[in-house]
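Breakdown of the fold
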Amino acid sequence: MVLLLTNYEFDEKNGIIKDKATGERCFIVYKNGMEAIFKGLSRIFDSRIDILLRESSLASSKNIAESVRKKGKNNVKLLLSAYTERFAQNGFGRLEISEFDSDKAIVRIRVWNNLFAEMRQGESTYCRYLEGMFSGLYEDFFHASPVVKEVKCIGKRDTYCEFLLAPNFFR
Ligand SMILES: [Zn+2]
């Protein structure tokens, strides 16, 4: 366990946390608080919450990709490992890119200890949030939006969540 968040500047006296790479201000959200927000949004937006989650996480993912790029990591392998590191530092869980076929544009991502699978609305999880995040990452690489399918889920008693991203031939 490490107590230091190396990618953030913390002005403790003034209560300001900033992302070192982008200078953007951020703050810490507890799982229970996030779950309450998601549940509130689900009540208001019903099934459209999926679109909302996807769109908001897409933006946050592009932020991460941008923040990683600003550190000069343009090489794919370095970018992926920096993204994985940042994902873990956000407290979302551990990413494992189990497949990355740049010719076929197919990406398979496993998420261990997925925070969004631990938040529940009845039987369902909020893994949709990650679909948006990974779409953002995918778009950053391939400059096209993918079809995303969660093929395994902790919410369905799998040991990890797994997302398959492939080119969208229908658009
Ligand atoms: Zn899941």
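Only a predicted model underlies this, so the values are computations on that prediction, with no experimental measurement involved.

Section: the sheet that holds strand 9 (residues 161-167)
- Across the sheet, which stays open at both edges, the four strands sit in the order 4-5-9-8 with antiparallel pairing between neighbours. Only two strands of the sheet have a single neighbouring strand rather than two, namely strand 4 (94-101) and strand 8 (146-152). Each strand axis lies, on average, 20 degrees off the axis of its neighbour in the sheet, ignoring direction.
- Alignment of strand 4 against strand 5 (residues 106-112), held across seven bridges, turns out to be antiparallel. Across the sheet, residue Arg94 finds its bridge partner in strand 5, namely Trp112.

Regarding the sheet that holds strand 3 (residues 25-26)
- Spatial ordering of the open sheet is given by 1-2-3, a layout of three strands whose pairing is antiparallel. Each of the sheet's edge strands pairs with one partner strand only, and the pair in question is strand 1 (8-11) and strand 3.
- Of the strand pairs in this sheet, strand 1 and strand 2 (residues 16-19) are connected by four bridges, and their pairing is antiparallel. The residue bridging Asp11 from the neighbouring strand is Ile16, located in strand 2.

Here we look at the coordination of the zinc ion
- Around the zinc ion, the donor atoms from the protein are Cys127 (SG), Glu150 (OE), Cys153 (SG) and Cys161 (SG), and they sit 2.0 to 2.3 Å away.
- Classification of the site at the zinc ion as tetrahedral follows from its four donor atoms and the range of 99 to 119 degrees in their angles at the metal.
- All donor residues of the zinc ion come from one chain, and their arrangement in sequence is C-x22-E-x2-C-x7-C.

Things to note about the packing of helix 2 (residues 49-69) against helix 3 (residues 76-89)
- At a closest axis distance of 10 Å, the pairing of helix 2 and helix 3 adopts a crossing angle of 120 degrees. It follows that helix 2 is oblique to helix 3 by the angle criterion. In this structure, the crossing between helix 2 and helix 3 has a hand that is right-handed. Residue-level inspection shows Ser61, Ile64, Ala65, Ser67, Val68 and Arg69 of helix 2 in contact with helix 3, the latter providing Leu79, Ala82, Tyr83 and Arg86.
- Residues belonging to the contact of helix 2 with helix 3 are distributed by class as follows: six nonpolar, two polar and two charged.

Focus on the side chain of Asn7
- With respect to the secondary-structure elements, Asn7 resides in the segment before strand 1.
- Within the structure, Asn7 has its side chain in polar contact with the side chain of Gln89 (distance 2.3 Å).

A few points about the packing of helix 3 against helix 5 (residues 128-142)
- For the pair helix 3 and helix 5, interaxial distance at closest approach is 12 Å and the crossing angle is 160 degrees. Here helix 5 runs roughly antiparallel to helix 3, going by the angle between their axes. For helix 3 against helix 5, the interelement crossing comes out right-handed. Contacts between helix 3 and helix 5 involve Val76, Leu79, Leu80, Tyr83 and Phe87 on the former and, on the latter, Leu130, Met133, Phe134, Leu137, Asp140 and Phe141.
- Considered class by class, the residues forming the contact of helix 3 with helix 5 number 10 nonpolar, no polar and one charged.

Conventions adopted
- Residues numbered from 1 in each chain as written.
- Predicted model: local features only at pLDDT ≥ 70, side-chain atom pairs only at ≥ 80, totals over all residues.
- Heavy atoms only, no water.
- Pairing = 2+ DSSP bridges.
- Helix = DSSP H or I, 4+ residues; strand = E, 2+ residues; numbered from the N terminus.
- Axes fitted to C-alpha atoms, helices over the stretch in contact; angles between N-to-C directions.
- Donors = N, O, S within 2.8 Å, 3.2 Å for Na, K, Ca; no water.
- Tetrahedral: all angles 85-135°; square planar, octahedral: opposite > 155°, others 65-115°.
- Parallel < 35°, antiparallel > 145°, perpendicular 65-115°, else oblique.
- Left-handed = near helix turned anticlockwise from the far one by under 90°.
- Contact = heavy atoms within 4.5 Å.
- Nonpolar A, V, L, I, M, F, W, Y, C, P; charged D, E, K, R; others polar.
- Polar contact = N/O pair within 3.5 Å; in protein donor to acceptor, adjacent residues only side chain to side chain.

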